[in-house]
Amino acid sequence: MSGVQTLIVGEGEGDQRLDRWLRKRFPHLTQGAIEKMLRKGELRVDGARAISSTRVAEGQTVRVPPLPDIDQPAPPASRLARGDEAMIQAAVLWKDEHIIALNKPPGLPSQGGSGQGDRHVDGLAPALMFGYKEPPKLVHRLDKDTSGILLLARTDRVARGLSEALRHRNVRKIYWAAVAGVPYPRAGTIKFGLVKEGGRGDEKMRCIHPREVDATPGAKRAVTEFLTVENAGGRLSWVAMQPVTGRTHQLRAHMAELGHPILGDGKYGGSAQENLGDGWGAGIGGDLSRRLHLHARTLIIEHPITKAMLTLTAPLPAHMKSTWDFLGWDEKDALLDPFEDRE
């Protein structure tokens, strides 16, 4: 039997229910035991009686009465392969006590699906605890074959803050892609709506003219800004894109609709031998990789705790870096935020 304990709600632990906060500290406690302590007034917050739904705040003190000694089971051994642990840890681009930013490798799903086991970012999150009691939480996602910046929150409070910022678009996301042909005009705004085209389990989207969106069941408005940074003899272009909305496959579907599919995009024509949009095709062969050439390059967001502006930039994955080198494109030729002057 333990003695009376006075615990302090730590940084990042605030704004959650008392019962949930307590179970994180004492996993063996049942909800019934917590309710009994609350009814008897033995469990108190800042010296006052509380109920299970009382929300604790950082810095508050919680009085915990003597608890029975219960043998705690040993934490389960990690089921993650050492190679996967090393891979996801090497993908860490930046971290502090609140946020972890990954440069997600291409081919790694953000979340699990049938037959994928734990080999996705969410399943590998236990390898990113770095001393915390719980794995970090995904607050957004990237397509499996898209590489680049992916944020995880280390506490529930930070997850809510980041999700709120992303939901209200208080964030700037800049993607890089290699696309077929040369877009004309070289910069602009794409406003085609999107509607799901595939059947169950197929996320392929179809573009809808803006005037037809409201009359098309399931269609949603979508807006993408784009800018051509460089081109290679009219065959391929390096394009920067900023999604104003965040729809499934938005960037891939929008560029394909313009007749300039992203290189390596089998779903939207970037791997086809004939591209009807500009007549020559994106399957150029040679030494260039057939993998998807779409990368979440830069993310600018207000830190939910410090309120400082956080600017993160992810290096290109190996197959895109090889393409850039082959075509003589220099990463330094692109502005950090090429859309800043268009606000």
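Residues numbered from 1 in each chain as written. Predicted model: local features only at pLDDT ≥ 70, side-chain atom pairs only at ≥ 80, totals over all residues. Heavy atoms only, no water.

What to know about the nonpolar core
Then, number 1: With 27 residues, the main nonpolar core has L102, M241, I262 and L294 as its most contacted residues.
Then, number 2: Elements with a contribution of two residues or more to this core: β8 (99-104), α4 (121-124), β10 (147-153), β11 (171-180), β16 (236-243), α6 (250-257) and β17 (294-302).
Then, number 3: The dominant element in this core, judged by the number of residues it contributes, is β11, at three residues.
Then, number 4: In this structure, this core is formed jointly by two domains, domain 2 (82-168) and domain 3 (174-272 + 280-327), each of which donates at least three residues. (Core = buried A, V, L, I, M, F, W, Y, C linked by side-chain atoms within 4.5 Å. Buried < 20%, exposed > 50% of the residue type's maximum accessible area, 1.4 Å probe, protein only. Helix = DSSP H or I, 4+ residues; strand = E, 2+ residues; numbered from the N terminus. Domains from an automatic or database assignment.)

Let's talk about helix α1 (residues 18-25)
Then, number 1: Residues of α1 that are buried: L18, D19, W21 and L22. Seen from one end, α1 has its buried residues packed into an arc of 160°, which puts them on one side. (Arc of directions from axis to C-beta.)

Section: the sheet that holds strand β1 (residues 5-8)
Then, number 1: Reading across the sheet, the four strands line up as β1-β6-β3-β4 and stay open at both edges, with antiparallel pairing between neighbours. At either end of the open sheet lies a strand with only one pairing partner, and these are β1 and β4 (48-49).
Then, number 2: Inspection of the sheet shows strand β3 (residues 44-45) paired to strand β6 (residues 61-64) by two bridges, in the antiparallel sense. Bridge assignment links V45 to a residue of β6, and that residue is V62.
Then, number 3: Sheet strands in contact with α1 are β1, β3 and β6, and its direction is about 110° off that of β1. (Pairing = 2+ DSSP bridges. Contact = heavy atoms within 4.5 Å. Axes fitted to C-alpha atoms, helices over the stretch in contact; angles between N-to-C directions.)

So, the packing of aromatic side chains
Then, number 1: As enumerated under the stated definition, the model contains five aromatic pairs in all.
Then, number 2: Plain terms: the ring middles of W324 and W329 are 5.0 Å apart, the flat faces sit at 85° to each other, and that makes the pair edge-to-face. For the pair formed by W324 and W329, the shared burial category is buried.
Then, number 3: Among the aromatic residues, those joined into a cluster by ring pairs are W176, W238, W324 and W329.
Then, number 4: Just above the ring of Y268 sits the side chain of K204; from NZ or CZ to the centre is 5.7 Å. (Phe/Tyr/Trp six-rings, centres within 6.5 Å; stacked < 30°, edge-to-face > 60°. Lys NZ or Arg CZ within 6 Å of the ring centre and 35° of its normal.)

Observations regarding the confidence of the model for the chain
Then, number 1: For the chain, the mean per-residue pLDDT works out to 86, and 87% of the residues sit at or above 70.
Then, number 2: In the model, residues 71-75 has pLDDT below 50 throughout and makes one contact with residues more than four positions away in sequence or in other chains.
Then, number 3: Note that residues 273-282 has pLDDT below 50 and, in this model, 28 contacts with residues that lie over four places away or in other chains. (pLDDT = per-residue confidence, 0-100.)

Side note on the pairing of β17
Then, number 1: Among the nine residues of β17, eight are classified as buried, and the element is accordingly described as predominantly covered.
Then, number 2: Pairing between β10 and β17: two bridges, direction parallel. The partner of G148 across the bridge, within β17, is A296.
Then, number 3: Direction of pairing for β11 relative to β17: antiparallel, over a ladder of seven bridges. Within β17, the position partnered with V171 by the bridge is I301.
Then, number 4: As defined by bridge partners, β17 adjoins strand β18 (residues 309-313) across five bridges and the pair is classed as antiparallel. Opposite I300, over in β18, you have T311 as the bridge partner.
Then, number 5: What sits between β17 and β18 in their antiparallel hairpin is a turn of six residues, with K307 showing a positive phi close to 70°.

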